[in-house]
Amino acid sequence: IDTEMYSQRSQLASLTMRLKDKLHPPRIKRSVEKIKRTPSQASANKPHDLDLTATPPLQRKSVCVLEEQERAVLSALRYFKKLLDTLGGDQPVMNSLLSGSAGQVLETVHNLVQLEPHIHNSKTVTCCLSGLYSSLAQLIHWADQLMLQGIVLEEKEAIATVVVVTKAVLDGVKELVRLAAERQDGPSPSSPIQPLSPKDKQNRDRRDSDQSLQAVGQDEIEDQHVSPEHSQNPEPMATTEESAPPKPPKPFLCTAADSSKQGKECNQSNGEDQEENEELLLVSRQEVLDRLTMKSEGEEGPGVKAASPDILLVHATLTDKQVLYCEVFLSTYRTFISPHDVISKLQFRYPTSAHTFPKFLKNTFLLLVRVVDELCSIELDGDLQLLLMDLVFSLVIKGELGLARLLRSNILSKLEERRQMIESPSWLRPLSARGVAARPGSLLDFKSHDVAEQLTFMDSKLFYKIELPEVLLWSMEQNEERSPNLTEFTQHFNNVSFWVRSVIILQEKAQEREKLVLKFLKVMKHLRKLNNFNSYLSILSALDSAPLRRLDWQKHTAEALEEFSALIDSSSSFRTYRTALSEVEPPCIPYLGLILQDLTFVHLGNPDRLMTSQGSMVNFSKRWQQFNILDTLRSFQQICYSLQPKSEISSFFNDFSDHLAEEALWELSLKIRPRNIPKTNQR
């Protein structure tokens, strides 16, 4: 794409030169000829036909930068228009490409509007920027709606409307460059050197827009795509005043257009009743503190004990130094308020805090970005996707293009994760296998250390995918669909355990079964050195399962198994394991079963709300306990293993998909040692 964009920029420069020869009056053309450079100068990579002799060096640089930035925008718009013309092929792919192309337009416009302060102070430039932002916001929002909802553009009128918006962005960019160049007392890179009359300027802008869009491969946009009312009445595309920018087309996106009036209607929809949103409007730190129920002296955790959901949210936007409180809030807010409501409330508060306390504006937006960044892919349902894209629209309308780019990039990344998860739902595979398929080789052919490393490598890939909200929600709901990565990790644990049982019990000779048990004990020893408690306990649960435990084993084998089992002794709340876990140096993969058990105990053993002097409030002390457990898991996810896959071992494992079900394991166990036959451990 970069190569294509560079090629397009070169074509645009050549096209601009040809247009000047056709559109400029003879007098202008002669003046241009007088300042032609020598061959050596002409070969340099500099803008043509600009009278640089009268321009100071700093000013000359500014004009050149404007020209280059304008070309970048035009190149991005051409690519967007080219994709628009080819709609109808692979619709999902094209929709995604259009959304990405719209992001490129947003980025190039953002670079262009970084003007000097004295230029921004001009009312004419401000008016031009307002029109440009409006058109750009509609283009971005349309592309995002196309990606999210799959809008089909079969009617010519719909296509014409998108073309009008694209042309409006193009006209706004050209006008902005012209105004900025004039205020630097220099010529505009894409405008005549001599001033033109308003009528000539209007005709020039229309011709330049049409020629720029036709460069992508369409010859007559006005005739083929633009509706009759647009082609017969071009006046709305430009104004009669020389200093005014072209007007943007009327909004055509109902949801986003309704919020184009500086976000006022969006704010009204979030809370029509001012009293209901009173807490969200607070910007005084003392007023917020007065509504918090604080912990008494000596209690652990953050100072906040209880408060309403809105006050907890507002407090997170006012805490400059209380980083720990914000982490607790972000990790646990789903237990008392939905992500959709948090984003809506932050969107409502964002412009409010800017009016009187600008320093809180940054905190509010950064909190909003964190909320979006930590969303689980499964949480991005249709309503939340549209809410986020409307938020991007409102930011573009306000001219906050940098913030819009940051937020939009984050959203698109999450949507891509969701798409991949839906297309490959490995967490939906059943736990029980269809049977055991024979494969060459044996576990005894591999070194125990290599087997342990490969198990750790496979565990780590799944462990690092787990998102903390999944773990918290699982302790409350046990919903597999809302915790897909956690479900996949748990399924892997069970598959390994059943695979180990199957490999051992399928051996016909007791001696072969004994060798495999000892091999797995050696693997567990290396797993312990690698701090992989997950596979360690998965193998231990297999060796200690009823179908295997009831069989006859050598005495030293039974004693070794008992020694390895001491790590997970359930006495004193698994004190031995907890001590070992607290002493390890990451990387480490903990046993998630105990983490889920702890979270469940905290959830069931503490009320969600507390009765305070201000009424029933959210029990934030409970959230502090939940955060402590989740933070331990987070700390282990931050440091990764540096292991490499071993194809021969992973091929032997075959994703542990070939194993016997519980019933089949019992049948083989009873066949090896029938009921009512006493167990005799050999020496």
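Residues numbered from 1 in each chain as written. Predicted model: local features only at pLDDT ≥ 70, side-chain atom pairs only at ≥ 80, totals over all residues. Heavy atoms only, no water.

Some details on the overall build of the protein chain
Looking only at helices and strands, the protein chain has 32 helices and 4 strands in total. When the 683 residues of the protein chain are sorted by exposure, 51% land in the buried category. Across the protein chain, the fraction of contacts at a sequence separation of at least 24, relative to all contacts at a separation of at least 6, is 77%. A total of about 33,200 Å² of accessible surface is found on the protein chain, and carbon and sulfur atoms cover 51% of it. (Helix = DSSP H or I, 4+ residues; strand = E, 2+ residues; numbered from the N terminus. Buried < 20%, exposed > 50% of the residue type's maximum accessible area, 1.4 Å probe, protein only. Contact = heavy atoms within 4.5 Å. Areas by Shrake-Rupley, 256 points an atom, 1.4 Å probe, with all protein chains shown as cover.)

Considerations on the environment of S616
With respect to the helices, strands and loops of the structure, S616 is situated in strand β4 (residues 615–619). The spacing of S616 and A307 is 309 residues in sequence and 8.4 Å in space, taken between C-alpha atoms.

Focus on the side chain of E379
Topologically, E379 is positioned in the loop between α18 (359–373) and α19 (382–397). With relative accessibility at 10%, the residue E379 sits in the buried group. In this structure the side chain of E379 is engaged in a polar contact, spanning 2.9 Å, whose partner is the backbone nitrogen of C376. With near-sequence residues (within four places) excluded, E379 lies in contact with R334, P339, L384, R418 and L473. (Polar contact = N/O pair within 3.5 Å; in protein donor to acceptor, adjacent residues only side chain to side chain.)

Regarding the sheet that holds strand β2 (residues 304–307)
Strand-to-strand pairing in sheets goes through backbone hydrogen bonds, with the strands running parallel or antiparallel. Reading across from one edge, β1-β2-β4-β3 is the order of the 4 strands in this open sheet, with antiparallel pairing throughout. Since the sheet does not close on itself, it has two edges, and those belong to β1 (293–294) and β3 (609–612), each with one partner. Contacting β2 and β4, helix α15 (residues 309–318) runs over the sheet at an angle of about 130° to β2. (Pairing = 2+ DSSP bridges. Axes fitted to C-alpha atoms, helices over the stretch in contact; angles between N-to-C directions.)

Here we look at helix α23 (residues 484–505)
Residues separated by three or four positions in an α-helix point in the same direction, a consequence of the helix having 3.6 residues per turn. Between its terminal C-alpha atoms α23 stretches 31 Å, which fits the 32 Å expected from 22 residues at 1.5 Å a residue. α23 sits mainly inside the fold: 20 of its 22 residues count as buried. (Expected span 1.5 Å × (residues − 1).)

Thoughts on the nonpolar core
If you look at soluble globular proteins, the nonpolar side chains tend to sit buried side by side. Of all hydrophobic cores here, the largest spans 96 residues; its most connected members are F80, L176, L312, F329 and I343. Those residues in contact with L312 that sit more than four places away from it in its chain are V304, A307, Y325, F329, F336, V618 and F620. If you look at the next biggest cluster of nonpolar residues, it comprises 69 residues, including F493, L527, F574 and V602. (Core = buried A, V, L, I, M, F, W, Y, C linked by side-chain atoms within 4.5 Å.)

Digging into the packing of helix α21 (residues 448–463) against α23
Relative to each other, α21 and α23 sit at 160°, their axes nearing to 9 Å. Classified by the angle their axes make, α21 and α23 are roughly antiparallel. In this structure, α21 contributes M458, D459, L462 and F463 to the contact, and α23 contributes E488, F489 and H492. Among the residues making up the contact of α21 with α23, the classes are represented as 4 nonpolar, 1 polar and 2 charged. (Parallel < 35°, antiparallel > 145°, perpendicular 65-115°, else oblique. Nonpolar A, V, L, I, M, F, W, Y, C, P; charged D, E, K, R; others polar.)

Some points on the pairing of β4
Of all the 5 residues making up β4, 4 are buried; the element is thus mostly covered by neighbouring parts of the structure. Here β3 pairs with β4 via 4 bridges, running antiparallel. By the bridge assignment for β4, T612 is matched with G615.

What to know about the packing of aromatic side chains
One pass over the structure, following the stated rule, counts 17 aromatic pairs. On the numbers, 6.0 Å between centres and 80° between planes, the contact of F80 with W142 is edge-to-face. Of this pair, F80 sits in helix α4 (residues 57–85) while W142 sits in helix α7 (residues 123–149), and the two are 62 residues apart along the sequence. Under the relative-accessibility criterion, F80 is labelled buried at 0%. Given the relative accessible area of 3%, W142 is considered buried. Centroid distance F652 to F653: 6.3 Å. Interplanar angle 55°. Geometry classified as tilted. With respect to burial, F652 and F653 carry one shared label: buried. Through pairs of rings, three or more aromatic residues link up here, namely F446, W499, F520, F652, F653 and F656. (Phe/Tyr/Trp six-rings, centres within 6.5 Å; stacked < 30°, edge-to-face > 60°.)

Regarding helix α22 (residues 468–477)
In terms of burial, α22 is largely enclosed, as 7 of its 10 residues are buried. Taken together, the buried positions of α22 are occupied by L468, P469, E470, V471, L472, L473 and S475. Directly beyond the C-terminal end of α22, a positive phi value near 50° is found at Q478.

Considerations on the pattern of salt bridges
Counting across every chain of the model gives 23 salt bridges. A salt bridge links D310 to K345; its shortest N-O distance comes to 3.1 Å. Within this pair, whereas D310 is found in helix α15, its partner K345 is found in helix α17 (residues 339–356), the two being separated by 35 residues in sequence. One salt bridge connects R501 with E662, and the closest N-O pair in it is separated by 3.6 Å. (Salt bridge = Lys/Arg side-chain N within 4 Å of Asp/Glu carboxyl O.)

With respect to unusual backbone geometry
For the bond running from P586 to P587, omega is 10°, close enough to zero to count as cis. By secondary structure assignment, the location of P587 is in the loop between α28 (575–583) and α29 (592–605). A positive phi is found at F656, a non-glycine position, where the angle reads about 55°.

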